[in-house]
Amino acid sequence: MDDRQLTEELYDCLFAIRTQVHAELKELARETGLTDTQTDALWRLSRGREMTARRLADLLQCDASTATSMIDRLEKRGLVRRVPHPIDRRAKVIQLTPEGCALRDRVIQHTTEHSPFALLDHGSKLRLHTLLREVIDGPRPTGEADGVKDTEEEEQR
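This structure is a prediction, so every number in the text was calculated from the model and none was measured.

The rules behind these values
Residues numbered from 1 in each chain as written. Predicted model: local features only at pLDDT ≥ 70, side-chain atom pairs only at ≥ 80, totals over all residues. Heavy atoms only, no water. Helix = DSSP H or I, 4+ residues; strand = E, 2+ residues; numbered from the N terminus. Contact = heavy atoms within 4.5 Å. Areas by Shrake-Rupley, 256 points an atom, 1.4 Å probe, with all protein chains shown as cover. Core = buried A, V, L, I, M, F, W, Y, C linked by side-chain atoms within 4.5 Å. Buried < 20%, exposed > 50% of the residue type's maximum accessible area, 1.4 Å probe, protein only. Expected span 1.5 Å × (residues − 1). Pairing = 2+ DSSP bridges. Axes fitted to C-alpha atoms, helices over the stretch in contact; angles between N-to-C directions. Parallel < 35°, antiparallel > 145°, perpendicular 65-115°, else oblique. Nonpolar A, V, L, I, M, F, W, Y, C, P; charged D, E, K, R; others polar. Salt bridge = Lys/Arg side-chain N within 4 Å of Asp/Glu carboxyl O.

(A) Region of the structure containing the overall build of the protein. Counting its secondary structure elements, the protein contains seven helices and three strands. Mapped from its N terminus to its C terminus, the protein presents α and β elements in the order α-α-β-α-α-β-β-α-α-α. The long-range share in the protein, meaning contacts at least 24 apart out of those at least 6 apart in sequence, stands at 42%. For the protein, the exposed surface amounts to about 11,200 Å²; the carbon and sulfur share of it is 53%.

(B) Quick peek at the nonpolar core. By size, the foremost hydrophobic cluster in this structure holds 18 residues, and its most contacted members are L56, M70, L74 and V80. At the level of elements, α2 (36-45), α3 (53-60), α4 (64-76) and β3 (92-96) are the ones that each hand at least two residues to this core. Looking at which element gives the most residues to this core, the answer is α4, with four residues. Setting aside residues no more than four positions away along its own chain, L56 makes contact with A41, R44, M51, M70 and I71.

(C) Geometry of helix α5 (residues 98-113). With 16 residues, α5 extends 22 Å from end C-alpha to end C-alpha; this agrees with the ideal 22 Å at 1.5 Å per step. Elements in contact with the buried residues of α5: α1 (3-32), α2 and β3.

(D) Structural context of the pairing of β3. In terms of burial, β3 is a largely internal element, four of the five residues being buried. Relative to β3, strand β1 (residues 51-52) is paired through two bridges, and the arrangement is antiparallel. When the bridges of β3 are listed, M51 appears paired with I94. Looking at chain direction, strand β2 (residues 80-84) and β3 are connected through five bridges and run antiparallel. Looking at the pairing, R82 lines up with I94 of β3.

(E) Examining the packing of α3 against α4 more closely. Two elements in contact, α3 and α4, have axes whose closest approach is 9 Å; the angle formed by their N-to-C orientations is 110 degrees. Taken together, the axes of α3 and α4 are roughly perpendicular relative to one another. Contact with α3, carried on its side by A53, R54, L56, A57 and L60, involves A64, A67, M70 and I71 of α4 and no other residues of that element. Across the contact of α3 with α4, the residue classes break down as eight nonpolar, no polar and one charged.

(F) Main features of the side chain of T39. Mapped onto the elements of the fold, T39 is located in helix α2. Those residues within four positions of T39 in sequence are excluded, and the remaining contacts are L25, A29, L34 and V107.

(G) View of the pattern of salt bridges. In this structure the tally under the stated criterion is 10 salt bridges. For E8, the salt bridge goes to R4, with nearest N and O atoms at 3.1 Å. Of the two residues, E8 and R4 both sit in helix α1, four residues apart, roughly one turn of that helix. Ionic pairing is found between R133 and D137, a salt bridge with its closest N-O pair at 2.9 Å. On the criterion of helical spacing, the pair formed by R133 and D137 is a turn pair, its members being four residues apart in helix α6 (residues 122-137). Residues joined in a network through salt bridges with shared partners are D72, E75 and R82.

So this is what it looks like as structure tokens:
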């Protein structure tokens, strides 16, 4: 298999995984009465980091007004709240409420149980993670050990 064919095959694999993950999340969204995007927002907010609506919009790849409307709907359901930003008086931070955290935990449990990576052993998952991070972030600086992350870099993720 030449490099072009291999690249095509890798894209086919990524699309197949995306389709599988999307179908699983769509099923969960239906069960919980959320839209796909709202489920995605809960997933993004589950990373432990508080974020602004602008940052959430960037992660969801939508415009700010779409993110604001979605946050409004999540807020009406009692899943998120807006609180003042600790540094920027003009901005609000989106936080999960206890109900939002419970639903987020359900999303995480569901995705873990239905993960396309469940067939891989731990070592294979670590290798795949390293390769995917390299594709996303670029190669690591020479001398950085496998599995060791810079604290600041980890906090940003």
